Amino acid sequence: MPKHIASGLKYLTAVKLKEQGQNQQKIADELDIDRSTVSHYLNGRNLSWNSIDVAKTITDLEPKDFLKMTQAIIQNPEQIRKIVNICKKNEYETIVEDSCIGCGLCVDLCFMKCIKLDSLKAQITSRHCCGCQTCENECPTNSIKILEI
Amino acid sequence: MIKNVKEVKDKDFNIERSAEEIRNLSFKNHVCIGCGICESTCPVSAIELEEIGAISRNKINTTFSGHDKLPQNIHKGFDKAKLTIDEHKCVLCGMCSGLCPADALELTINGVPIANIDSYPHFISFAEIDDDECIYCQKCQTACPRDAITVERKLPNRADLVSGEIEVNEDDCIYCGICKEMCPAEAIEVDSVTGEESIVIDKDKCVYCLVCKKSCPTDAIKAVCRICSYGDYDINPEDAVVTGSAIIDQELCVKCGWCEGVCPTDAAKHKKPFKGSLDVDQNKCQTCGACADVCPCDALTIPSLKGPVKVDNVIKRDEYCIRCGACEKTCPNDAITVKITNVDYTPTNSKTWIEALEALKN
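Residues numbered from 1 in each chain as written. Chains lettered and ligands numbered in written order. Predicted model: local features only at pLDDT ≥ 70, side-chain atom pairs only at ≥ 80, totals over all residues. Heavy atoms only, no water.

1. Notes on the packing of aromatic side chains
Then, number 1: Taken as a whole and judged by the stated rule, the model has five aromatic pairs over all chains.
Then, number 2: Between the aromatic rings of F123 of chain B and F274 of chain B, the centroid separation amounts to 5.1 Å while the plane-to-plane angle is 85 degrees, which identifies the pairing as edge-to-face. Here F123 of chain B is found in the loop between β7 (112-113) and β8 (126-129), whereas its partner F274 of chain B is found in strand β16 (residues 274-280), with 151 residues between them in sequence. The burial state of F123 of chain B is the same as that of F274 of chain B; both residues are buried.
Then, number 3: Looking at R81 of chain A, its charged tip hangs above the ring of F111 of chain A, at a distance of 5.2 Å from the centre.
Then, number 4: Looking at K6 of chain B, its charged tip hangs above the ring of F13 of chain B, at a distance of 4.8 Å from the centre. (Phe/Tyr/Trp six-rings, centres within 6.5 Å; stacked < 30°, edge-to-face > 60°. Helix = DSSP H or I, 4+ residues; strand = E, 2+ residues; numbered from the N terminus. Buried < 20%, exposed > 50% of the residue type's maximum accessible area, 1.4 Å probe, protein only. Lys NZ or Arg CZ within 6 Å of the ring centre and 35° of its normal.)

See below:
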């Protein structure tokens, strides 16, 4: 069953990538699946529509829950990051205030790997942020703000 | 979920967070000077300083007010680590490490101490002994309040520096043993047993003082002066050179400057990280000696007295104070004020770190 939902999530990702104008080979490379599977997805074959509905419901969850559910369904972290990043509903503005002490806790906590430290201050790559707000909630000095655009 | 793991070993401990990078904060109790800068700096209030005064007084032979008649004030059994860190609160930011004037707390990231990472600021301070200038007198070793200096020296061969030799004319010697008894260097052996008479002079021990010659009742001892008789016997200046090494244990050193203060040459040099002042209000001071017991620099001391006499004043050696403030925190009578007016540190881009460093000033 989780396998089907995983396929559903990949299907949704493939469709999004197609909408962005990517060709099938590129999509296959992105998702680390073979090209014929992408072709099947995009032609609506070999997929249960119910699984796609469940996958849609998952992508519609709050960002934190979307990430959590995807982590529960798919094992490969790199694949999770791609799916979450492509299927997320919003873009985010990320703000790190000067009160940051450079403890690196956010770097360690960010599943999307979009935070790094530069000169004892966190730097967030906004376009990779999934909006889960883990960093914002755990920051010991409340220096991070994640805003929906 | 990412968790900190604490490993306690006697009074030392390590806190580690292992994820994207490995952050490790280590504490060395014997290096800690109990100033409490870490406690007031910690942005998440994870550090708690213990009763430093009581801990310091647990030292063997430390007596109340330096008074050898008051040993009852030794707090036996009060043997704790000088500080504790709550590993559930600590976020391993390293501020305590960066601001610790004694480097008792040290954060490493992937094994590299933050003092060696450019983006982190660290205090500009040092203490060093120049081998070219050092005469290995060991004055710094004696003065160092942290026992951080080891001076090892190799002395010249004493026999090479003696300015003459003595010889015995055995035809005149009666083996009475007077010279043996008089010799301050115990360089003469005399056997007076009839039939086995002998006299031997150990030239390595003899210092050519000529006491033997002067005391000999038969004038059997001849003296040969190396300096005045034959130029060949002149003392070689190279034979008189003391060689050695002077090493500062940088882990224990707090850059107080005692070594430089007592150095008779220009060999010892130091620089303190803070500038400021130390004031003792003699009206409030009860000369309890707590400050002297915690001071890592012997900048405050209580004179050692014998008999039932009360000490009037603590002795302040301002030039050796590193303005760490441990005494001020310990003083039960609020008699001490330590001010930091200048903090010397390497540049950083982090506003919070600069704020924390500047906040040391008061």
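Now, onward.
2. Structural notes on the domain arrangement of chain A
All names here are of chain A.
Then, number 1: Structurally, chain A comprises domain 1 (2-87) and domain 2 (92-148).
Then, number 2: The C-alpha centroid of domain 2 is placed 26 Å from the C-alpha centroid of domain 1.
Then, number 3: Taken together, the contacts link nine residues of domain 1 with ten residues of domain 2.
Then, number 4: Seen at the junction of domain 1 and domain 2, the total is zero salt bridges.
Then, number 5: Taken together, the links from domain 1 to domain 2 amount to one residue pair in polar contact (both at pLDDT 80 or more).
Then, number 6: Elements with a contribution of two residues or more to the side of domain 1 that touches domain 2: α5 (63-73) and α6 (77-87).
Then, number 7: If you tally residues by element for the side of domain 1 that touches domain 2, the top one is α6, at five residues. (Domains from an automatic or database assignment. Contact = heavy atoms within 4.5 Å. Salt bridge = Lys/Arg side-chain N within 4 Å of Asp/Glu carboxyl O. Polar contact = N/O pair within 3.5 Å; in protein donor to acceptor, adjacent residues only side chain to side chain.)

3. What about the domain arrangement of chain B?
Then, number 1: When the domains of chain B are assigned, the result is domain 1 (1-121), domain 2 (126-155 + 242-271), domain 3 (161-233) and domain 4 (274-344).
Then, number 2: Here the C-alpha centroids of domain 3 of chain B and domain 4 of chain B sit 58 Å apart.

4. Thoughts on helix α2 (residues 24-31) of chain A
Residue and element names in this part refer to chain A.
Then, number 1: Of all the positions in α2, only Q24, I27, A28 and L31 are classed as buried. All buried residues of α2 project into a common sector of 100 degrees when viewed along the axis, lining one side.
Then, number 2: Two to three positions downstream of the cap, the backbone nitrogen of Q25 sits 3.2 Å from a side-chain oxygen, assigning the N-cap of α2 to N23.
Then, number 3: D32 sits one or two positions beyond α2 and adopts a positive phi of about 55 degrees. (Arc of directions from axis to C-beta.)

5. Overview of the interface of chain A and chain B
Then, number 1: Between chain A and chain B, the residue contacts involve 17 residues of the former and 22 residues of the latter.
Then, number 2: Between chain A and chain B, a total of about 1600 Å² is buried, with carbon and sulfur atoms accounting for 61% of that surface.
Then, number 3: In terms of surface lost to chain B, no three residues of chain A exceed I101, D108 and L120 of chain A, which account for 40% of the buried area on that side.
Then, number 4: Our enumeration of links across chain A and chain B arrives at three salt bridges.
Then, number 5: The salt bridge partner of R17 of chain B is D108 of chain A, with a shortest N-O separation of 2.6 Å.
Then, number 6: Viewed at the interface, chain B and chain A are joined by twelve residue pairs in polar contact (both at pLDDT 80 or more).
Then, number 7: Considered class by class, the residues forming the side of chain A that touches chain B number nine nonpolar, four polar and four charged. (Buried area = accessible area lost by both parts, 1.4 Å probe. Nonpolar A, V, L, I, M, F, W, Y, C, P; charged D, E, K, R; others polar.)

6. With respect to the packing of helix α1 (residues 2-19) of chain A against α5 of chain A
Residues and elements named next belong to chain A.
Then, number 1: As a packed pair, α1 and α5 sit with axes 9 Å apart at the nearest point and diverge in direction by 125 degrees. Regarding the angle of α1 to α5, the classification is oblique. The way α1 lies across α5 gives a crossing that is left-handed. For the pair α1 and α5, the contacting residues are P2, I5, A6 and L9 in the first and F66, T70 and I73 in the second.
Then, number 2: Grouping the amino acids of the contact of α1 with α5 by side-chain chemistry returns six nonpolar, one polar and no charged. (Axes fitted to C-alpha atoms, helices over the stretch in contact; angles between N-to-C directions. Parallel < 35°, antiparallel > 145°, perpendicular 65-115°, else oblique. Left-handed = near helix turned anticlockwise from the far one by under 90°.)

7. Quick notes on the sheet that holds strand β3 (residues 22-27) of chain B
Residues and elements named next belong to chain B.
Then, number 1: The five strands lie next to each other as β1-β2-β3-β6-β7, forming an open sheet whose pairing is antiparallel. Two strands close off the open sheet at either side, each with one partner strand: β1 (4-9) and β7.
Then, number 2: Sheet topology places β3 next to strand β6 (residues 105-109); five bridges connect them, and they run antiparallel. Residue L25 lies in a different strand from β6, and its bridge partner there is L107. (Pairing = 2+ DSSP bridges.)

8. Considering the nonpolar core
Then, number 1: Within the largest apolar cluster, 74 residues are counted, with the highest numbers of intra-cluster contacts made by L83, I85 and I336 of chain B.
Then, number 2: Per element, the largest residue contribution to this core is four residues, and it comes from strand β19 (residues 336-343) of chain B.
Then, number 3: In this structure, I336 of chain B is in contact with L278, D279, V280, C291, L300, C327, E328 and C331 of chain B, ignoring residues within four places of it in sequence.
Then, number 4: Membership of the second largest hydrophobic core comes to 44 residues, among which are Y11, L17, I83 and I115 of chain A. (Core = buried A, V, L, I, M, F, W, Y, C linked by side-chain atoms within 4.5 Å.)

9. Things to note about the packing of α1 of chain A against α6 of chain A
All names here are of chain A.
Then, number 1: Contact pair α1 / α6: the axes reach a minimum separation of 9 Å and the direction vectors enclose 55 degrees. In terms of axis orientation, α1 runs oblique to α6. In terms of crossing hand, the pair formed by α1 and α6 is left-handed. Here L9, K10, L12, T13, K16 and L17 of α1 lie close against α6, whose contacting residues are Q79, I83, I86 and C87.
Then, number 2: Counted by class, the contact of α1 with α6 contains six nonpolar, two polar and two charged residues.

10. Brief notes about α5 of chain A
Residue and element names in this part refer to chain A.
Then, number 1: Residues of α5 that are buried include every one of P63, F66, L67, T70 and I73, and no others. The buried residues of α5 occupy an angular sector of 130 degrees when projected down its axis, which confines them to one face. Relative to its buried face, α5 has exposed residues pointing more than 90 degrees away, namely K68 and A72.
Then, number 2: Its buried side turned inward, α5 meets α1, α4 (49-59), α6 and β1 (92-96).

11. Topic: the pattern of salt bridges
Then, number 1: Enumeration according to the criterion identifies 17 salt bridges over all chains in this entry.
Then, number 2: In this structure, R323 of chain B and D318 of chain B form a salt bridge, with 3.0 Å as the shortest nitrogen-oxygen distance.
Then, number 3: Looking at D318 of chain B, the relative accessible area reads 30%, which means it is partly exposed.
Then, number 4: Within the structure, one salt-bridge network assembled from shared partners comprises D98 and K121 of chain A together with K351 of chain B.

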